[in-house]
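# What the coordinates show
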Amino acid sequence: MSKQPLRVGIAGISGRVGQLLVEEVQAAGAVLSGGTARNPATVSTVPEGVPVFADLADLAAISDVIIDFTHAETAIAHAKAVAAHGTAWVLGTTGLSPEQSKAVRDAAEKCVVVHAANFSAGVTLVSRLALMMGQALPAETYDAEIVEMHHRQKVDAPSGTALALGESVAQGRGVALADVRESGRDGHTGPRKTGAIGFAALRGGQIVGEHEVLFTSADEQITISHRAFNRRIFATGAVRAAQWGVAQPAGYYGMEDVLGLPPL
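Computed from a prediction, not measured in an experiment: that's the story for all the values here.

## Section: the sheet that holds strand S9 (residues 197–203)
Consider a sheet: its strands pair through backbone hydrogen bonds, and that pairing is either parallel or antiparallel. Read from one edge to the other, the open sheet built from five strands follows the order S8-S9-S7-S10-S11, with strand pairing classed as mixed. In this open sheet, the two edge strands, each paired with only one partner strand, are strand S8 (181–183) and strand S11 (221–228). Here the average twist between neighbouring strands, direction ignored, is 15°. In this structure, strand S10 (residues 209–216) lies alongside S11, joined through eight bridges in antiparallel fashion. Looking across to S11, one finds that His211 is bridged to His226.

## What about the packing of aromatic side chains?
Evaluation of the coordinates by the stated rule reveals two aromatic pairs. Ring geometry for Trp244 versus Tyr253: centroids 5.1 Å apart, planes at 85°, classification edge-to-face. In this structure, Arg105 is placed above the aromatic ring of Tyr252, and the distance from its NZ or CZ to the ring centre is 3.6 Å. In this arrangement the basic side chain of Arg181 is found over the ring face of Phe199, its NZ or CZ atom lying 5.7 Å from the centre.

## Overview of the environment of Val17
Along the polypeptide, Val17 turns up in helix H1 (residues 16–27). With 51 residues separating them along the chain, Val17 and Asp68 place their C-alpha atoms 9.8 Å apart. When residues no more than four places from it in sequence are discounted, the contact partners of Val17 are Phe69 and Arg231.

## Some details on a nonpolar patch on the surface
A surface patch of nonpolar side chains, about 290 Å² in accessible area, is lined by Leu129, Met132 and Leu264. By the element assignment, Leu264 lies in the segment after helix H9 (255–258).

## Details of helix H4 (residues 98–107)
Burial in H4 covers these residues: Gln100, Ala103, Val104 and Ala107. Seen along its axis, H4 keeps its buried residues to an arc of 100°; they face one direction. In H4, the exposed positions angled more than 90 degrees off the buried face are occupied by Pro98, Glu99 and Lys102. Considering only its buried residues, H4 is in contact with helix H3 (75–85), strand S5 (88–91), strand S6 (112–115) and strand S12 (251–253).

What counts as what
Residues numbered from 1 in each chain as written. Predicted model: local features only at pLDDT ≥ 70, side-chain atom pairs only at ≥ 80, totals over all residues. Heavy atoms only, no water. Pairing = 2+ DSSP bridges. Helix = DSSP H or I, 4+ residues; strand = E, 2+ residues; numbered from the N terminus. Axes fitted to C-alpha atoms, helices over the stretch in contact; angles between N-to-C directions. Phe/Tyr/Trp six-rings, centres within 6.5 Å; stacked < 30°, edge-to-face > 60°. Lys NZ or Arg CZ within 6 Å of the ring centre and 35° of its normal. Contact = heavy atoms within 4.5 Å. Patch = residues over 30% accessible without salt bridge, like charges linked within 9 Å, V, L, I, M, F, W, Y side chains within 5 Å. Areas by Shrake-Rupley, 256 points an atom, 1.4 Å probe, with all protein chains shown as cover. Salt bridge = Lys/Arg side-chain N within 4 Å of Asp/Glu carboxyl O. Buried < 20%, exposed > 50% of the residue type's maximum accessible area, 1.4 Å probe, protein only. Arc of directions from axis to C-beta.

Here it is in structure tokens:
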């Protein structure tokens, strides 16, 4: 008996990343099972015959996996929908509240959830290096700063990826990011606090995404950087995560799992 092709649904199929996902799903030889949009009747950018729903539950019912780059406010409803159908869920939404994060974790008890702030393989590796450097370089002598720049339309700062990199540094240092985070310095701030993890957010033009993690002591500086040239890297990584995720047991996973990185 021949193996059935993977059925992939795309939440927010009419968005910029949604359109790239359509192309990447088809390039991977998977079946585009459908999508969701706020106003399905107005969507004209999907291939002929592909259904578009307003409710993710309808899409989850006909899909093996859902790729979701929508908004934090949809997380709870989407978590319930994928859990009810046992549909794998590749989630790229950031900025989740504690309640929304709990809903995502609860869904992972019933289905596969691959959640990442950034599905780029390069960013995933930078995050791992940031954690290792946080472990190896003492906070008392190495100041950690994260600088990011994005297109002028981006509405949140720091970016979800920047915060995830900060979380990696904090994890390496054995502290909570919320306790040491410094953002938006302005005016007479006084000397830098020892152990702080600083963030600077730049906006301009149509830059897809640039991130730098800097560790600076009195004697040296180590910089890890990543530049995204095209949003397609997020779609490519998400489809890779979808293909990997459907073969896993129910649980909560990240891109480090998809890439097969060893645990630290």
